[in-house]
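Here's the letter readout for the chains.
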Amino acid sequence: MTRHAVSITEVETSQGVYPVGEEPYLLTPGPLTTAVSTKAVMLKDWGSWDEDFKAVTQEIRERLVSLCKGEGEYDCVLMQGSGTFSVEAALASFIPKEGKALILMNGAYGQRSAKTLDYIGRDYITLDKGDYLPPMPEEVEALLLENPDVTHVVVVHCETSSGILNPLKDISDVVARHGRKLIVDSMSAFGAVPLEVSEIPFEVMVSSANKCIEGVPGFGFILARKTALEAAKGNSHSLSLDVHDQWVYMNKTGQWRFTPPTHTVVAFLEALHLHEAEGGVAGRLARYANNRDILVSGMRELGFETLLEDKWLSPIITTFFSPADPNFEFGRFYNEIKSRGFIIYPGKLTEADSFRVGCIGLLDANVMEGVVQAVKESCDAMGVKTFAPPDGVK
Ligand SMILES: *Cc1c(COP(=O)(O)O)cnc(C)c1O
C-alpha cells in the first residue's frame, strides 16, 4: 500500500523540511497512520459558517448514520475534542440525573467511564473483570435482576487497553431483554467491526475521528436514537459537552455550536470516502484481521505469547507479554523499533509487563511483516535470546 499517492514529497516548514510519507508507521490505536489524501485535504482553510463546510458536516453525519444502518431512527452528533470528550458528553447527556448505570469494566476505558460518572455525579454500579477477562452475558443478567433501578448499561466494544473484543451482541441481547438502555464505547472498533442497529439496537454509540475510519484527531461522534436525543434535554452538567444542544443547533443551522476543528473535519470526510472505496466495514475488517493474523503468527513464531486466547483477539490491537530475558527493556526496545520505522505502544496491564501492537490505520501485510522483522532485529540488538514471558504470568 503506497502512501505516495500524490506528488507532494517535501514541505518546507519552520520545523524543518517534512518528507511526506517517510515518518514511522504508527502501530498505535489512534492517532494512526493516515492516507496522503487525508492529510492533503487539510492544506485548505475553511470558514466554519460557510455553506461548503456545512455540507461537509452534513455529509459526515449522514454517512455515519448509514454505517450503522440507522437511517430514520438514529441521528449523528459531532463533538469537538478527543474521544473521551464525546464519551463524557454522552454519559452526561443520556443518563438522566436520577438514572443509574451499570458499567462493564475490563480495562482502562471502562474504568474511565466510571471515573467520569464520579465527576458528573451519576449513580452507578460496576462489573469489574480486571485486566483481560470479558464481561459475560450471564453476569450482566444477574446484576440487572438484582438491580432493577439500573437504567443504562455502559460497555466498551473493544477494550483497547488489552485488545479484547467484548461479546457485545450477547450483552446487547440481555440488556434489551431486560428493557434497559445500552451505551456503547465503540471508539476503537466502529468502522472495522460490524455494529448495525438491527443486530445491536443500542441507545447510544460513541467513537472518534482518529480510529478505524482513519482520520486525524480532533473530534468524536455520537450515534443515538432520535428519541434519546430528544429526551436528553437538560441532562448535561456542561454547556460545551451538551449533546442535545449540539444536536438541535446542528439540525437548525448546519453548524457546530462552537469553533469546529475544520481541517480535521474535512480530513475525516476524505477518510470516509476511502473507507467506502475499500469496501466499507467489511473491507476494513478484512484488512485489519489479516494484519492481526500476520502479526500474531509472526510473533508466536519468534516465541512471544499473546495475553489473550485466540477467541478474544480483536483485529484492532494485540497485547504481547514482555520476554523474561533480563536483557529485555521496554524503553530500549521501543527506540530500536522506532529506528526501524515503526512506533509501538506500551502495555497497560496492572500485573505483567507487556507491550501492544496496533493493526489499525493505513497498514497492510507488508507493514506487519516489517514490524515482526523489526521486533526480531531489535531483540537481537539488545541481546535478547528468548522471547517467552516469565513463568506464571498467565
Ligand atoms: C481511544 C479510546 C477512547 C478515547 O480516548 P481519547 O484519548 O480521548 O481519544 C475511549 N475508549 C476507547 C475504547 C478507546 O480506544
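Right above here is the structure, for reference.
Residues numbered from 1 in each chain as written. Predicted model: local features only at pLDDT ≥ 70, side-chain atom pairs only at ≥ 80, totals over all residues. Heavy atoms only, no water.

### What about the packing of helix α5 (residues 137–146) against helix α6 (residues 168–177)?
In step 1: Two numbers describe how α5 lies on α6: the axes approach to 9 Å, and their chain directions differ by 20°. Between α5 and α6, the interaxial angle falls into the category roughly parallel. Viewed along their axes, α5 and α6 form a crossing whose handedness is right-handed. Residue-level inspection shows P137, V140, E141 and L144 of α5 in contact with α6, the latter providing D170, I171, V174, V175 and R177.
In step 2: Among the residues making up the contact of α5 with α6, the classes are represented as 6 nonpolar, no polar and 3 charged. (Axes fitted to C-alpha atoms, helices over the stretch in contact; angles between N-to-C directions. Helix = DSSP H or I, 4+ residues; strand = E, 2+ residues; numbered from the N terminus. Parallel < 35°, antiparallel > 145°, perpendicular 65-115°, else oblique. Left-handed = near helix turned anticlockwise from the far one by under 90°. Contact = heavy atoms within 4.5 Å. Nonpolar A, V, L, I, M, F, W, Y, C, P; charged D, E, K, R; others polar.)

### Brief notes about empty space enclosed by the protein
In step 1: Enumeration over the complete set of coordinates arrives at 1 cavity of 30 Å³ or more.
In step 2: Put simply, the largest cavity is a space of about 30 Å³.
In step 3: Along its surface, the largest cavity is lined by V87, A90, L91, S113, V154, I183, V184, D185 and V206.
In step 4: Of the residues assigned to the lining of the largest cavity, the class counts are 7 nonpolar, 1 polar and 1 charged. (1 Å grid on protein atoms, 1.4 Å probe; cavity = no way out; pocket = protein on both sides within 12 Å on 5 of 7 lines; lining within 4 Å. Points joined across faces, edges and corners; volume = space filled by probe spheres on them.)

### Examining the site of the ligand
In step 1: The ligand sits among S82, G83, T84, Y109, R112, V156, C158, T160, D185, M187, S188 and K211.
In step 2: Take S82: an N or O atom from its side chain is 2.5 Å from an oxygen atom of the ligand.
In step 3: For the ligand, an oxygen atom lies 2.8 Å from a polar atom in the side chain of K211.
In step 4: Across the complex, the protein chains shield 86% of the 380 Å² of accessible surface that the ligand would expose by itself. (Near = heavy atom within 4 Å. Polar contact = N/O pair within 3.5 Å; in protein donor to acceptor, adjacent residues only side chain to side chain. Areas by Shrake-Rupley, 256 points an atom, 1.4 Å probe, with all protein chains shown as cover.)

### A look at the packing of aromatic side chains
In step 1: In total, this model carries 15 aromatic pairs according to the counting rule given.
In step 2: Centre to centre, the rings of F219 and F268 are 5.2 Å apart; their planes meet at 85°, and the pair counts as edge-to-face. Residue F219 is found in strand β12 (residues 219–225), and its partner F268 is found in helix α9 (residues 262–277); the two are separated by 49 residues along the sequence.
In step 3: An angle of 50° between the planes, with centres 6.1 Å apart, marks the rings of F330 and Y334 as tilted. (Phe/Tyr/Trp six-rings, centres within 6.5 Å; stacked < 30°, edge-to-face > 60°.)

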